[in-house]
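Observations on the three-dimensional arrangement
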Amino acid sequence: MLSPQTNTYRNLNQNLALAKAKAISRQDPVFNQLEYLIRLSLGSVSSTICRLYSLREISETREYLQKTKGEELIDVWINLNGDELGDDNSLENIITRGFTIPTNGLRVSSGHILLESNTLQNNTSLFNQSLNNSENISSPNQTKPKVFKLLHCLVNPGKCFCVEANKGTVIIPATYDSIYIQPNEQDNSFCHQFVIFDSSRIFADYVLFVEYDPEGDQKLKSTQAYSNFFNPFDNIINDAYKRAKESVNGGDLTYSSPNEALDLNAKQQFYIKRVEKEIQNVEKRRQEICLNATEMETYLREGFKKALVNLHDITQLKLSELLTVETNLRKKVEEVEWIDQFIEYQKNMQSPLHFLDSFSQHTNLKKEKQESMEMCLTQSQKVLNMVAPDIKAHAVFAVKSNTQPLQENFKKIDLENYEKEEEFNDDFDTSFAKKREIGVAIDDSHLLNNKVNTDCKMQ
């Protein structure tokens with residue numbers, strides 16, 4: 001039982017949080033945008049937002065976007081009735097003072113999300129004391145739908161250190177801002193996990209109450225048909241609807257405005273080809289660095305063991321830099337395919353009016369991701385210019401790199417070793433993820449075993 005002082009503090013905190021939270025009407029463009037994003041993340045056309053609150057002033061959002069300009073931002077959804085955040089990160093605490101980051105970091109996910117039925121609540125109250133209290137217990141005659149309470153955050157992961165899934169403890173250089181956990185090869189969903197260590201990198205901006213039924217799309221599909229929907233005077237909507245479907249099928253979509261006379265599909269293919277070419281450049285540079293490291297190993301083999309260990313560390317740091325770039329590039333292509341598959345999936349699921357609205361959101365999202373691709377390509381070029389096969393051995397056997405200084409400041413992170421079984425809408429096909437090529441094989445044991453090996457390559 002909470003003490004009177006604790007209750008007083010909580011009530012004060014909730015009152016301060018309520019003063020900041022502002023309800024957003026359905027007519028606001030932000031409402032439409034977030035509803036499309038949550039449908040994309042759930043893979044469900046039938047899911048809807050029944051209530052939306054903004055937690056930030058416009059000035060705060062602009063300040064954060066300006067602060068992170070030129071850096072990647074990812075959309076993250078957090079189930080506020082789940083157990084991911086812990087007691088210190090209640091909604092009122094997040095609104096009034098920000099996130100409290102545990103010693104081993106805070107794990108967040110982007111992409112597909114899984115909503116468990118035991119986290120439903122019967123009301124749209126921002127601050128529930130418990131999911132099991134009397135006001136949340138549904139009665140047999142209750143018709144009010146249950147909802148999920150979700151927190152939307154913009155997360156700036158910064159420079160990510162890539163690790164394999166199911167790692168218990170990892171040691172990372174202090175120069176990295178976060179950890180990126182590579183998905184398992186058998187994982188067919190678009191879902192990427194990060195571990196964040198700095199609360200300033202997480203910007204919580206909206207709370208959503210979402211109605212979601214895993215079988216909702218099947219029910220929607222069985223009750224709607226639009227073959228004879230249009231009346232003769234619906235020509236404008238009919239024409240726009242057909243053009244939108246043709247664009248999803250790979251056709252050209254032109255705009256009436258000269259400034260928007262741009263084939264987004266062609267531009268997207270252009271970016272994908274550039275990303276694929278950049279991945280090849282990354283792999284080529286990786287092989288050059290591995291070859292460079294092997295040459296230096298031959299020179300140092302009879303030298304001091306410490307110098308050889310330094311060589312391993314510098315090589316590992318270079319490969320980690322390239323792995324971070326490669327992971328971002330692959331993730332961008334995968335994200336575009338994921339977004340395109342969802343709009344393809346919606347063609348025959350929604351009414352023409354709803355599909356046009358979804359297509360508008362899809363178009364805006366596609367433009368945003370193309371800008372993100374451009375930023376990612378620029379960052380990749382910077383890393384390739386910085387990370388070079390320039391390891392040299394000196395007479396004193398001190399191994400150095402002009403572009404990759406070896407720092408002895410590392411931090412040890414204990415990652416939880418768990419995997420959540422995720423089930424998503426089977427109709428929303430995510431099989432493209434089966435083609436994912438994950439990560440880089442970094443095996444430097446041969447260096448200490450006095451074996452020459454250049455098998456440092458993409459898996």
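Moving on, we get to the confidence of the model for the protein. Summing up the model confidence of the protein, the mean pLDDT is 76 and the portion of residues at 70 or higher is 73%. The spread of mean pLDDT over the elements of the protein runs between helix α10 (residues 445–448), the lowest at 48, and strand β5 (residues 148–155), the highest at 92. Within the model, the stretch residues 428–444 combines pLDDT values under 50 with 53 contacts to residues more than four positions away or in other chains.

Note on sheets: strands pair through backbone hydrogen bonds, and any given pair is parallel or antiparallel. Read from one edge to the other, the open sheet built from 4 strands follows the order β4-β9-β8-β6, with strand pairing classed as mixed. Across the chains shown, the open sheet's two edge strands, defined by having one partner strand only, are β4 (106–111) and β6 (160–164). Ignoring which end each strand starts from, the neighbouring axes of this sheet average 30° apart. When strand β8 (residues 178–182) meets strand β9 (residues 191–196), the two strands line up antiparallel, connected through 4 bridges. Opposite I179, over in β9, you have V195 as the bridge partner.

Right, let's get into the nonpolar core. In this structure, L34, I38, I49, L52, L208 and V210 are the most contacted members of the largest nonpolar core, which totals 32 residues. Elements with a minimum of two residues in this core: α2 (29–42), β2 (48–54), β5, β10 (202–211), α8 (305–346) and α9 (352–386). Residues contacting L34, with those up to four places away along its chain left out, are I49, L52, W77, H152, Y206 and L208. In terms of nonpolar packing, the next biggest core, distinct from the first, is built from 31 residues, A21, Y53, F99 and Y180 among them.

What follows deals with the packing of helix α7 (residues 264–300) against α9. Direction vectors running N to C along α7 and α9 enclose 25°, while the axes themselves pass 10 Å from each other. Between α7 and α9, the angle is such that the two are roughly parallel. The interaxial crossing formed by α7 with α9 has left-handed handedness. Between α7, through L264, N265, K267, Q268, Y271, I272, R274, V275, E278, N281, V282 and R285, and α9, the contact on the second element is made entirely by T363, K366, K367, Q370, M373, E374, L377, S380, Q381 and L384. Grouping the amino acids of the contact of α7 with α9 by side-chain chemistry returns 8 nonpolar, 7 polar and 7 charged.

Cut-offs and rules
Residues numbered from 1 in each chain as written. Predicted model: local features only at pLDDT ≥ 70, side-chain atom pairs only at ≥ 80, totals over all residues. Heavy atoms only, no water. pLDDT = per-residue confidence, 0-100. Helix = DSSP H or I, 4+ residues; strand = E, 2+ residues; numbered from the N terminus. Contact = heavy atoms within 4.5 Å. Pairing = 2+ DSSP bridges. Axes fitted to C-alpha atoms, helices over the stretch in contact; angles between N-to-C directions. Core = buried A, V, L, I, M, F, W, Y, C linked by side-chain atoms within 4.5 Å. Buried < 20%, exposed > 50% of the residue type's maximum accessible area, 1.4 Å probe, protein only. Parallel < 35°, antiparallel > 145°, perpendicular 65-115°, else oblique. Left-handed = near helix turned anticlockwise from the far one by under 90°. Nonpolar A, V, L, I, M, F, W, Y, C, P; charged D, E, K, R; others polar.

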